[in-house]
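The lines below spell out each chain.
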Amino acid sequence: MDLITTPAFIFCLCTVVCIVLCHAIWRWRENRNNERVTPGFKLLRGPGESLQRQIAAIDDKLFSWLLNILGLPLIMLASTAGAYLLSGKTAFDGFVAILIQYVLPLVFIWTLYSTIHLLRLLSKRRNLYLGYFGERIVSESLDSLRAKGACVFHDVPVSAEQGRVNIDHVVICPAGVFAIETKTRRKGPVREGRADGKIIYDGAQLAYPWGEDTFGISRAANNALWLEKTIAKTGIPNVPAHAILTFPGWRVELTDSAANSAVRVLTPAQIPLHLETLPPKLAANQIKQLAQHIETLCRDVEF
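Caption draft 1: Seen up close, the sheet that holds strand β5 (residues 198–201). With mixed pairing, the four strands of this open sheet are ordered in space as β7-β6-β5-β9. Strands at the two margins of the open sheet, each flanked by one partner only, are β7 (211–213) and β9 (251–254). Across the sheet, the mean angle from the axis of one strand to that of its neighbour is 25 degrees, orientation sign disregarded. In terms of strand pairing, β5 meets strand β6 (residues 206–208) through two bridges, oriented antiparallel. Across the sheet, the residue bridging to Tyr201 is Leu206, located in β6.

Okay, here's the thing in structure tokens:
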């Protein structure tokens, strides 16, 4: 049988051409710079903006890897067939022997490597989406504060020593300025004597049903410290920033020693109630001035 006339070879060749063209067109469309809105038109960051961008980047990688998984074996198959034909051999049995001895082991190794890489990307995407969903939950809980004179910002970018990070939520209201750190954690095993879905905070560490750690406490404190330094640039003196750590989907129990902690741990639903009970410290014009400063940091989302 003439190899070049076999339906399998023709199908593989056409598939390879289609995959290469699709990948090239997709890359070309992604890299075009002429599809932009009017320069200077930027939106405020939404809840989980940084996480959403990371998820979009992973989606691009997943698409590219899927094309590679499909395309490379077919390219190897077509290349082997082409080399076999150029050598002057047309026997189909010899071509199959080469595939079994050389091409299929390489295809297996490549597919295994790509599958492991894809699973890691999918696991990372799953964790990022969990964090993104948690920030959406907190943002909805904070929306009620707007009707009471508060200004709420999300994903405020921070330039810190450890690199480019962000404050998940910033609330500027009559009670003061608050930096809110959201940590979304999955529930795990429950030890004897512990309640499922409840976190106990003693001011120094967080006790989960399976154990204790300080996950998020230092980050919340550092965010508040940075926010306090940046609002000092507005010229309004003595405006401290308060740190709040929140865990969507969890119940929170505070011990007596947590009352004087620099970091307050609350559920998303408790945050508006807590802020409303605090005495007013900022006037309306101060809230407006501080909000304008934070807005300049957050208005950087463009097409």
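Caption draft 2: Inspection of helix α5 (residues 270–277) at higher detail. Turning to α5, its buried residues are Ile271, Pro272, His274 and Leu275. All buried residues of α5 project into a common sector of 160 degrees when viewed along the axis, lining one side. Along α5, the residues that are exposed and aim more than 90 degrees away from the buried face are Leu273 and Thr277.

Caption draft 3: Broad picture of unusual backbone geometry. Even without being a glycine, Asp155 presents a positive backbone phi close to 55 degrees. Overall, Asp155 belongs to the buried group, its relative accessible area being 0%. For Asn238, which is not glycine, the phi dihedral falls at a positive 55 degrees. Within the secondary structure, Asn238 sits in the loop between α4 (217–231) and β8 (241–246). On the accessibility criterion, Asn238 (78% relative accessible area) is exposed.

Caption draft 4: Fine view of the pattern of salt bridges. Inspection of every chain in the model, using the stated rule, returns twelve salt bridges. In this structure, Arg125 engages Asp59 in a salt bridge whose closest nitrogen and oxygen atoms are separated by 2.6 Å. A residue pair is termed long-range when its members are at least 10 positions apart, and Arg125 in helix α3 (residues 92–142) and Asp59 in helix α2 (residues 49–86) qualify at 66 residues. Of the residues examined, Arg125 reaches a relative accessible area of 26% and is grouped as partly exposed. For Glu295, the salt bridge identified is with Arg299, shortest N-O distance 2.9 Å. A cluster of three or more residues bridged by salt bridges with shared partners is formed by Arg45, Asp155 and Asp300.

Caption draft 5: Region of the structure containing the side chain of Asn166. In this fold, Asn166 is placed in strand β3 (residues 163–173). Residue class for Asn166 comes out buried when judged on its relative accessible area of 11%. Here Asp168 takes part through its side chain, which lies 3.3 Å from a polar atom of the side chain of Asn166. Non-local contacts of Asn166, meaning those with residues more than four positions away in its chain, are made with Ser50, Asp155, Val156, Pro157, Val158, Glu181, Arg219 and Asn223.

Caption draft 6: Just a nonpolar patch on the surface, in detail. Residues Leu106, Phe108, Ile109, Leu112 and Ile116 make up a contiguous nonpolar surface patch of roughly 510 Å² in combined accessible area. Structurally, Leu112 is set in helix α3. Note on Leu112: relative accessible area 46%, which makes it partly exposed.

Caption draft 7: Inspection of the environment of Val170 at higher detail. Topologically, Val170 is positioned in strand β3. Judged by relative accessible area, which is 0%, Val170 ranks as buried. Note: C-alpha distance between Val170 and Phe153 (17 residues apart in sequence) is 5.1 Å. Filtering out sequence-adjacent residues up to four positions away, Val170 remains in contact with Cys151, Val152, Phe153, Val156, Val177, Phe178 and Leu227.

Caption draft 8: Quick look at the packing of α4 against helix α6 (residues 284–298). Two elements in contact, α4 and α6, have axes separated by 11 Å at closest approach and are oriented at 115 degrees. Classified by the angle between their axes, α4 and α6 sit roughly perpendicular to one another. Relative to α6, the crossing made by α4 is right-handed. Residue-level inspection shows Trp226, Leu227, Thr230 and Ile231 of α4 in contact with α6, the latter providing Leu290, His293, Ile294 and Leu297. Along the lines of polarity and charge, the residues of the contact of α4 with α6 split into six nonpolar, two polar and no charged.

Caption draft 9: Representation of the pairing of β5. Of the two faces of β5, the one holding Ile199 and Tyr201 is buried and the one holding Lys198 and Ile200 is not buried anywhere. Inspection of the sheet shows β5 paired to β9 by four bridges, in the parallel sense. Bridge pairing in β9 links Lys198 to Arg251. Connecting β5 to the next strand, β6, in antiparallel fashion are four residues, including Gly203 with a positive phi near 95 degrees.

Basis of the calculations
Residues numbered from 1 in each chain as written. Predicted model: local features only at pLDDT ≥ 70, side-chain atom pairs only at ≥ 80, totals over all residues. Heavy atoms only, no water. Pairing = 2+ DSSP bridges. Helix = DSSP H or I, 4+ residues; strand = E, 2+ residues; numbered from the N terminus. Axes fitted to C-alpha atoms, helices over the stretch in contact; angles between N-to-C directions. Buried < 20%, exposed > 50% of the residue type's maximum accessible area, 1.4 Å probe, protein only. Arc of directions from axis to C-beta. Salt bridge = Lys/Arg side-chain N within 4 Å of Asp/Glu carboxyl O. Polar contact = N/O pair within 3.5 Å; in protein donor to acceptor, adjacent residues only side chain to side chain. Contact = heavy atoms within 4.5 Å. Patch = residues over 30% accessible without salt bridge, like charges linked within 9 Å, V, L, I, M, F, W, Y side chains within 5 Å. Areas by Shrake-Rupley, 256 points an atom, 1.4 Å probe, with all protein chains shown as cover. Parallel < 35°, antiparallel > 145°, perpendicular 65-115°, else oblique. Left-handed = near helix turned anticlockwise from the far one by under 90°. Nonpolar A, V, L, I, M, F, W, Y, C, P; charged D, E, K, R; others polar.

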